[in-house]
Amino acid sequence: MVDREELVRFDHVAVVVRRETDLWPVLAGVLGGRYVARGVGDGYGWTQLRYANGFIVEGLYPDGDGAHSEFLDRFIEKSGVGPHHLTFHVKDLRVLLDQLRDAGVHPIAEDFDNPWWHEASLHPDEAHGTVVQLLQNLEVPEVEPEPEGFPDIGYDHPVASLGRVVHAVRDLKAALHLYRDLLGGRVVSSGSAVDGNHWVELGWGGPGRLRLLEAVHAELAEWLGDRPGRTRHLFFSFDEPEYVPGAHRVASGRYVVDADDVLGTRMVLASSAR
């Protein structure tokens, strides 16, 4: 088992979008996500927004003619826009990869040549329905200024907290083995949803929380289909959730924005004023 507090931190959730600007209207302009950084790679670009508790959403989009552009275009054609990967920052990637291989997990896309970071990934088949990116920062590159046209968010604009990523899985025990036992998540809480599906919420050294939701009852299991797992929603706390475009009330102080209404990414919003 890895050192939970020292080696691994759940840093952000990445969402595939078509254009850099797609993330801005709701996730920045309404929910108040603050610009963190952006960059480009071989056929892709990314922009990151940070929320009040420090957790980050990354928008990942095809850009140019590189290999990753073709991959992201295929992803969008097959699945549409929406959640793509979970990123964990690690202090020693080689040590963690050795531990994963010893446990029978097979990391892919290892890259130790980048001057800014080392990285590897876990395939969705082994990471319970999502790509897991493992990233070791070597240096912090110079941060570019906010992109032209980024929403002008004043200091008095309310900023949501991104409390957790909720990820539905077919096999909760196996998912816990990966995210708790191998990636070092500590159990923060556990329980049962209103439909009877059990869940366990994990935390790491930073603000990121991952709730693993066991898809055993009919509606959630049908939504999961034949996948080993699928990101169900992002959970935000926000002062005025009723004003988020597409939000509909499902309980006192709680609202839902369906995936079709916001970048293929279902959001659950709870009033932080409660």
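About the cut-offs
- Residues numbered from 1 in each chain as written.
- Predicted model: local features only at pLDDT ≥ 70, side-chain atom pairs only at ≥ 80, totals over all residues.
- Heavy atoms only, no water.
- Helix = DSSP H or I, 4+ residues; strand = E, 2+ residues; numbered from the N terminus.
- Buried < 20%, exposed > 50% of the residue type's maximum accessible area, 1.4 Å probe, protein only.
- Lys, Arg positive; Asp, Glu negative; His and termini not counted.
- Salt bridge = Lys/Arg side-chain N within 4 Å of Asp/Glu carboxyl O.
- Polar contact = N/O pair within 3.5 Å; in protein donor to acceptor, adjacent residues only side chain to side chain.
- 1 Å grid on protein atoms, 1.4 Å probe; cavity = no way out; pocket = protein on both sides within 12 Å on 5 of 7 lines; lining within 4 Å.
- Points joined across faces, edges and corners; volume = space filled by probe spheres on them.
- Nonpolar A, V, L, I, M, F, W, Y, C, P; charged D, E, K, R; others polar.
- Pairing = 2+ DSSP bridges.
- Axes fitted to C-alpha atoms, helices over the stretch in contact; angles between N-to-C directions.

(A) Summary view of the side chain of E119. Among the structural elements, E119 can be located in strand β7 (residues 117-122). Among buried charged residues, E119 stands out as having no salt bridge; its nearest opposite-charge side chain is R94, 13 Å away. Of note is the side chain of E119, whose polar atom sits 3.0 Å from the side chain of W117.

(B) How the structure looks around empty space enclosed by the protein. The tally for this structure, following the rule as stated, stands at 1 cavity of 30 Å³ or more. A volume near 30 Å³ is recorded for the largest cavity. Here the lining of the largest cavity is built from residues that sort into 7 nonpolar, 1 polar and no charged.

(C) Molecular detail of the sheet that holds strand β12 (residues 209-214). Judged by pairing direction, the sheet is mixed, and its 8 strands sit side by side in the order β10-β11-β12-β9-β13-β16-β15-β14 without closing on themselves. Every other strand in the sheet has two partners, leaving β10 (186-192) and β14 (248-251) as the edge strands with one partner each. Recorded for the sheet is a direction-independent mean angle of 25° between the axes of neighbouring strands. As defined by bridge partners, strand β9 (residues 161-169) adjoins strand β13 (residues 229-238) across 8 bridges and the pair is classed as antiparallel.

(D) Quick peek at the pairing of β9. When you tally the buried positions in β9, you get 7 out of 9 residues, the bulk of the element. The pairing of β9 with β12 spans 5 bridges and is parallel. Pairing of V165 across the sheet is with L210, part of β12.

(E) Spatial organisation of the pairing of strand β2 (residues 34-40). By the bridge criterion, 6 bridges tie β2 to strand β3 (residues 44-50) in an arrangement that is antiparallel. The partner of G39 across the bridge, within β3, is W46. Hairpin connection between β2 and β3: a loop of 3 residues separates the two successive antiparallel strands, and G43 in this loop has a positive phi of roughly 90°.

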